[in-house]
Each structure stands twice: as structure tokens, then as C-alpha cells.
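Inside the fold
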Amino acid sequence: MRARLSDIAQQAEVSEATVSRVLNDRPGVAPETRQAVLTALDVLGYERPARLRKRSAGLVGLVVPELDNPIFPAFAQIIESTLAQSGFTPVLCTQTPGGVTEDEYVEMLLDRQVSGIVFVSGLHADTAANHDRYRALIARPLPIVMINGYVGGIAAPFVSCDDREAAELAVAHLVAFGHRRIGLITGPDRFVPVQRKVAGFRSAMTRLVGATEAEIDELAELSLFGVEGGEAAAGRLIERGVTGLVCGSDLMALGAIRAARQRGLAVPGDISVVGYDDSPLIAFTDPPLTTMRQPVAAMAVAAVRALVDEINGHAAPNSEYLFRPELVVRGSTAVVRPAETTPTSGAGPAGGAQRQRPTAPSLVVPA
């Protein structure tokens, strides 16, 4: 024990007597000195005495739709870490197709008497779902916070990335590179984030390109979330001659790149692709993906703080907090390749003649 006291004292730069007072939880030690000794214990790998271990303030449920999409583990990691710093023990609940549902997870969490629940992209984002389940939780009362999705009339804090602005920024980026025939790929339209992306896409295409409603309808493809959905939707839009694609997720963007390459097209040489999320490792794809970054850390911390305030009786305003996305430019977008003008009978969304540029022999892609 003497050797340990000596090691701890040296690491904390205090006397052995001070270490002894801290370990025995005696008064007369300044808070910063006490913290220095506890930190030294942790650094040296010594287990804290039971009396000095931070007691859990309770369990908090964290419900995410899946872990296959890297953006959800990113949210989970920061939420769990932030909860732990506040003294709460996180309980991660992951849904899988055909597995445990959100409602079943909630029942399990209630049985464990959780202090609150954080929902990430849950049924609150689905306009076709019955949202009375959340009103019932609030009536218990149980503090809840919801990320990425919004339901009017629910007395709880909502934390979202501004999907409408993300779509507008993505379109503006492609327009600045000379693209005019730009397509949108995203998920089913019953989801709030999808509806907002579509609204932003329509607004930007009307304002920046002069596209008509009919032309925009032709350039928007709703599909299943994921690589396969992105690939299928991109294939249809490539056949319609798009030169740029705005995607609802990074995984859908990877599917779009695969669809382009299967048709002998180069990214970004023949077609530019913008993702959404900036999920981990996406900077190391081939090519590195230009994407709209969700501020995951800021959103996760804000959600946890709102929940902890609710648990402690300091209710946060029951409204939606929108976080601004960030355009991260990498290697999947570029200036439109110079094209040879060819006579056509139609006009592009900008009102000018459509142009035809050389591509693979099996496919001619109008710009």
C-alpha cells in the first residue's frame, strides 16, 4: 500500500498524506486536489474505493433504428458518452428488420424504470405512424427527447439537422460547378426528413436552375434507404440524363456511384454525386465522397442536455432545435466536363438547348 500511495502521490503531485485523506474520503482537501488524486488513480489503473465511485443517476434508454448505417453508431457513441458524464447509465436498443420493435424496446425500458429515453430517427419521423405512443410516455410522466424527426403537438424537445437547407446547399454546390440537370435520390416520402429534403431540392431547382414543377418531378426519385435503394434510383435518373445527383444518405450515394460505374461512367468525370451525413470512413471511399455533414456531436450533446434538464425538473422548451448542415467538398463532385453541342428538340431545365457529351458507347448521357 505504501508503494501505491507513493505512486499516486507522485502522479498527482501531492503528498502521501493528502492521497490518504482522499482515499478515506476525509474533509480538508480542496476539490481540485481531490480530483487530481482521483485522476491519478484512473491513470495508474487503480480501482477507486467503493465510497468514491460515482453513483449512477439512473438508466436512460437510447433507441436507434439500426447500426448498419455508420451515422447511427456515431450518434450512439456520443450520446452514451455524454450521458455517462452526467452520471447516467445508457441502455442501447437497436432495431433490426423483423426483430424487436420500438414499442417493445420501450416496454423493456419502462420495466427497468429508466429515467428517460432518447429516440434517434424513430417512429416520430414517420408521418404514417401513430404518435400517441409518445404522448402516453410524456403523460406517465417520462422525459423523452427525439432526434431527426418532428411531430407537432408533442410536448418534448426535438433536435434535427436542417434537411431542407442541406438539399438547397447541395444543389447550389452542383450548380456552381455548371450542372443544370440535377437529380435527387432519397427515401420514402412519409418520413419528415425526406419531405424536407424534397422541399429544399424543389426550392433550389426552381430558384437556381429555373426548372418547372414537371421537370423537378422527373428529376426526383424516392427509393428505399441504403446502398441498393440508391443504386436503383440512380440508374433511373442516369437514364434520364442527369449530370449531378443529390442523395439522402451517404449509403445511397455509394449506391449511386456503383450504378454510374456499372454503366461505364466515371465519378466525378461524367457524373457528380453528393451524399448526406458525413458518416465515419466516408472520406476514404473511392472517390472520397462530397457530402452534407450532420453536426452529430453538437446535436447529440444538445439532446442529452435537454433530457437531463427534463429529468432534473428543469424542463427545456418543447420545440424543435434545427442544426445547420455543413458542405464537405471532396472528390465525388467536379465541374461539368466540356461537351459538344448537338441539335436536340427539347430544352433543359435552364431553358437552353440540351448538350450531349461523349460517354461509354452503350450510353449517351445528356448534360
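It should be noted that the structure appears before, not after, this text.
A quick note: this is a predicted structure, and the numbers were derived from the prediction, not measured. (Residues numbered from 1 in each chain as written. Predicted model: local features only at pLDDT ≥ 70, side-chain atom pairs only at ≥ 80, totals over all residues. Heavy atoms only, no water.)

Let's shift gears to the overall build of the protein. Looking only at helices and strands, the protein has 12 helices and 14 strands in total. The buried share of the protein, reckoned over its 367 residues, is 48%. Looking at the protein alone, contacts between residues at least 24 apart form 69% of all its contacts between residues at least 6 apart. Working note: accessible area of the protein is about 16,800 Å², and carbon and sulfur atoms make up 52% of it. (Helix = DSSP H or I, 4+ residues; strand = E, 2+ residues; numbered from the N terminus. Buried < 20%, exposed > 50% of the residue type's maximum accessible area, 1.4 Å probe, protein only. Contact = heavy atoms within 4.5 Å. Areas by Shrake-Rupley, 256 points an atom, 1.4 Å probe, with all protein chains shown as cover.)

What follows deals with empty space enclosed by the protein. Summed over the entire model, instances satisfying the criterion amount to 1 cavity of 30 Å³ or more. The space that makes up the largest cavity amounts to roughly 40 Å³. Taken together, Asp163, Ala166, Ala167, Ala170, Leu184, Lys197, Val246, Cys247, Gly275, Tyr276 and Met292 form the lining of the largest cavity. Broken down by element, the residue count for the lining of the largest cavity peaks at 4 residues, all from helix α7 (residues 163-176). (1 Å grid on protein atoms, 1.4 Å probe; cavity = no way out; pocket = protein on both sides within 12 Å on 5 of 7 lines; lining within 4 Å. Points joined across faces, edges and corners; volume = space filled by probe spheres on them.)

We now examine the layout of surface pockets. Considered as a void within the structure, the largest pocket measures approximately 1,200 Å³ in volume. Along the wall of the largest pocket there are 45 residues; nearest its centre are Pro65, Glu66, Phe72, Ser121 and Phe225. For the lining of the largest pocket, the class distribution of residues is 19 nonpolar, 15 polar and 11 charged. (Nonpolar A, V, L, I, M, F, W, Y, C, P; charged D, E, K, R; others polar.)

As a further point, take the packing of aromatic side chains. Applying the stated rule across the entire model yields 3 aromatic pairs. Centre to centre, the rings of Phe119 and Tyr134 are 5.2 Å apart; their planes meet at 80°, and the pair counts as edge-to-face. Taken together, the residues Phe119 in strand β3 (residues 116-120) and Tyr134 in helix α6 (residues 132-139) connect sequence positions 15 residues apart. One exposure class covers both Phe119 and Tyr134, and it is buried. (Phe/Tyr/Trp six-rings, centres within 6.5 Å; stacked < 30°, edge-to-face > 60°.)

Next up on the list: the environment of Pro90. Within the secondary structure layout, Pro90 lies in strand β2 (residues 88-94). Separated by 24 residues in the primary sequence, Pro90 and Val114 have C-alpha atoms spaced 9.3 Å apart.

Time to look at the pattern of salt bridges. Under the defined criterion, the tally for this structure stands at 21 salt bridges. Between Arg133 and Asp103 there is a salt bridge, and its shortest N-O distance comes to 2.7 Å. Highlighted residues: Arg133 in helix α6 and Asp103 in helix α5 (residues 102-111), separated in sequence by 30 residues. By relative accessible area, which is 23% here, Arg133 ends up partly exposed. Residue Asp103 is classed as partly exposed on the basis of its relative accessible area, which comes to 32%. For Arg330, the salt bridge is made with Asp278, and the minimal N-O distance between the two is 3.0 Å. Here the residue Arg330 occupies a position in the loop between β12 (326-328) and β13 (356-357), and Asp278 occupies one in the loop between β9 (272-277) and β10 (290-293), the gap between them amounting to 52 residues. Classification of Arg330 by relative accessible area gives partly exposed; the value is 22%. Among the charged side chains, a network of salt bridges with common partners joins Asp278, Arg293, Glu326 and Arg330. (Salt bridge = Lys/Arg side-chain N within 4 Å of Asp/Glu carboxyl O.)

Turning next to unusual backbone geometry. The omega torsion of the bond from Arg140 to Pro141 falls at 5°, within 30 degrees of zero and hence cis. Along the chain, the position of Pro141 falls in the loop between α6 and β4 (144-147). With an omega dihedral of -5°, the bond running from Asp286 to Pro287 counts as a cis peptide bond. Here Pro287 is to be found in the loop between β9 and β10. The residue Ser121 is not glycine, and still its phi comes out positive at about 50°. For Ser121, the position within the fold is in the loop between β3 and α6.

Our next topic: the packing of α7 against helix α8 (residues 192-209). Across the interface, α7 lies against α8 with an axial gap of 7 Å and an inter-helix angle of 35°. When the axes of α7 and α8 are compared, the crossing they make is right-handed. Counting all contacts with α7, which are made through Asp163, Arg164, Ala167, Glu168, Val171, Ala172 and Val175, the residues of α8 involved are Pro193, Arg196, Lys197, Ala199, Gly200, Phe201, Ser203, Ala204, Met205, Arg207, Leu208 and Val209. Looking at the contact of α7 with α8 residue by residue, the class counts come to 11 nonpolar, 2 polar and 6 charged. (Axes fitted to C-alpha atoms, helices over the stretch in contact; angles between N-to-C directions. Left-handed = near helix turned anticlockwise from the far one by under 90°.)

With that settled, the discussion passes to helix α4 (residues 71-85). Here α4 is 15 residues long and its end C-alpha atoms lie 22 Å apart, about the 21 Å a rise of 1.5 Å per residue gives. Of all the positions in α4, only Ile71, Phe72, Ala74, Phe75, Ala76, Ile79, Thr82 and Leu83 are classed as buried. Close packing links the buried residues of α4 with β1 (58-64), β2, β3, β4, β9 and α12 (296-311). Just downstream of α4, Gly87 is the residue with a positive phi angle, here 90°. (Expected span 1.5 Å × (residues − 1).)

All right, on to the pairing of strand β8 (residues 244-247) then. Burial of the side chains of β8 extends over both faces: Gly244 and Val246 are buried on one face and Leu245 and Cys247 on the other. As defined by bridge partners, strand β6 (residues 182-186) adjoins β8 across 4 bridges and the pair is classed as parallel. By the bridge assignment, Ile182 is partnered in β8 with Gly244. Where β8 lies against β9, 3 bridges are found, and the strand directions are parallel. In the sheet register, Val246 faces β9, and the bridge partner there is Val274. With helix α11 (residues 250-262) bridging β8 and the parallel β9, this β-α-β connection has right-handed handedness. (Pairing = 2+ DSSP bridges. Right-handed = clockwise from strand over helix to strand, strands pointing away.)

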